Amino acid sequence: MSLTGRNAHFDLGYIPESAKELRSAAGFLITNHARKHIIILPRALRKRNVYEEVARFLDIPGGEEIVKESYAQLRKFNCWNISIVQQYARFKQSRIRSALFGNSRQFFLLRQNDRADLDDMARDIAIPEITKHAIMNYPLPDHQTGQKFSPFTYLHIDSHRPLCGTAHNVASEEMLYCSSSSGEHFEKRAKELRGAPNVIEGIRVFSRNEPQLQPP
């Protein structure tokens, strides 16, 4: 797989969930390949490295060391590291927690239902009491009328000009198309994208119900 284009898509969907060792090996190879590519690119180029559900990434052999090195070293190569944490209870017990919090300056905090988790985060990042209250009471999209949105707290740690406030994320048609998990939509989406010559283009076209592509 070439990483020289605008997007590189690795589909692990054909590896069954039961084949944990195979999925772990594939994840390690892809991550290692991407890391090498980032290092050899010109440093003037801005890069972005995203760990989707970083707590699960720790299941990959060597995953902990890869994440730590990314935060400690890849920024020297003008790389912006992003880690997404959904299972916080597991993440807060991990040994990479201090590396992530200590080397991060921006945080996006979605609604939390556990006050203990928020208090735990506040021990590493300065979350004001009023912000904790706001995070605990953000409205869910399915409880809204009209144009729905997902509120979140944006926290930028800076010694000169720290920022902290609430922002609204309004999902695009493409995002809604990809993220919907209903059974009917899942089957329809799989059929449409199988018939598309390119996954990215297929998402763009089918999310907007454009007629240029039709599933087989």
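Since this is a predicted model, take the numbers as computed values, not measurements.

About the thresholds
Residues numbered from 1 in each chain as written. Predicted model: local features only at pLDDT ≥ 70, side-chain atom pairs only at ≥ 80, totals over all residues. Heavy atoms only, no water. Axes fitted to C-alpha atoms, helices over the stretch in contact; angles between N-to-C directions. Helix = DSSP H or I, 4+ residues; strand = E, 2+ residues; numbered from the N terminus. Left-handed = near helix turned anticlockwise from the far one by under 90°. Contact = heavy atoms within 4.5 Å. Core = buried A, V, L, I, M, F, W, Y, C linked by side-chain atoms within 4.5 Å. Buried < 20%, exposed > 50% of the residue type's maximum accessible area, 1.4 Å probe, protein only. Pairing = 2+ DSSP bridges. 1 Å grid on protein atoms, 1.4 Å probe; cavity = no way out; pocket = protein on both sides within 12 Å on 5 of 7 lines; lining within 4 Å. Points joined across faces, edges and corners; volume = space filled by probe spheres on them. Patch = residues over 30% accessible without salt bridge, like charges linked within 9 Å, V, L, I, M, F, W, Y side chains within 5 Å. Areas by Shrake-Rupley, 256 points an atom, 1.4 Å probe, with all protein chains shown as cover. Salt bridge = Lys/Arg side-chain N within 4 Å of Asp/Glu carboxyl O. Lys, Arg positive; Asp, Glu negative; His and termini not counted. Charge placed at Lys NZ, Arg CZ, Asp CG, Glu CD.

Caption draft 1: A look at the packing of helix 6 (residues 115-122) against helix 7 (residues 129-136). Closest axis-to-axis distance for the helix 6/helix 7 pair is 11 Å, and the angle between their directions is 145°. Crossing of helix 6 against helix 7: the hand is right-handed. Residues R115, L118, D119 and A122 of helix 6 form the contact with helix 7, whose own contacting residues are E129, K132, I135 and M136.

Caption draft 2: Highlighting the nonpolar core. Counting 22 residues, the largest nonpolar core has V54, V67, F91, L100 and M121 as its most contacted members. Of all the elements in the fold, those that place two or more residues in this core are helix 2 (54-57), helix 3 (63-73), helix 4 (88-91), helix 5 (97-102), strand 3 (106-109) and helix 6. Excluding anything up to four places from it in sequence, V54 contacts V67, S83, I84, V85, F91, I96 and L100.

Caption draft 3: Region of the structure containing the pairing of strand 5 (residues 163-169). Direction of pairing for strand 4 (residues 150-156) relative to strand 5: antiparallel, over a ladder of seven bridges. Pairing of H156 across the sheet is with L163, part of strand 5. Taking the residues that link successive antiparallel strands as the turn, the strand 4-strand 5 hairpin has six residues.

Caption draft 4: Structural detail: empty space enclosed by the protein. Under the counting rule described, the total for this entry stands at one cavity of 30 Å³ or more. Considering only enclosed or pocket space, the largest cavity measures out at about 40 Å³ in volume. Lining the largest cavity are T31, A34, R35, I38, N49, Y51, I66, S70 and L74. Mapped onto the lining of the largest cavity, the elements with two or more residues apiece are helix 1 (20-40), strand 1 (47-51) and helix 3.

Caption draft 5: Representation of a positive patch on the surface. Taken together, the side chains of R43, R75, K76 and R105 make up a positively charged region of the molecular surface. Mapped onto the elements of the fold, R43 is located in the loop between helix 1 and strand 1.

Caption draft 6: Quick look at unusual backbone geometry. At E53, a position not held by glycine, the phi torsion is positive, near 55°. Assignment of secondary structure puts E53 in the loop between strand 1 and helix 2. Despite not being glycine, N78 has its phi angle at roughly 60°, a positive value. Inspection of the secondary structure puts N78 in the loop between helix 3 and strand 2 (79-83). Its relative accessible area of 24% is what places N78 among the partly exposed residues.

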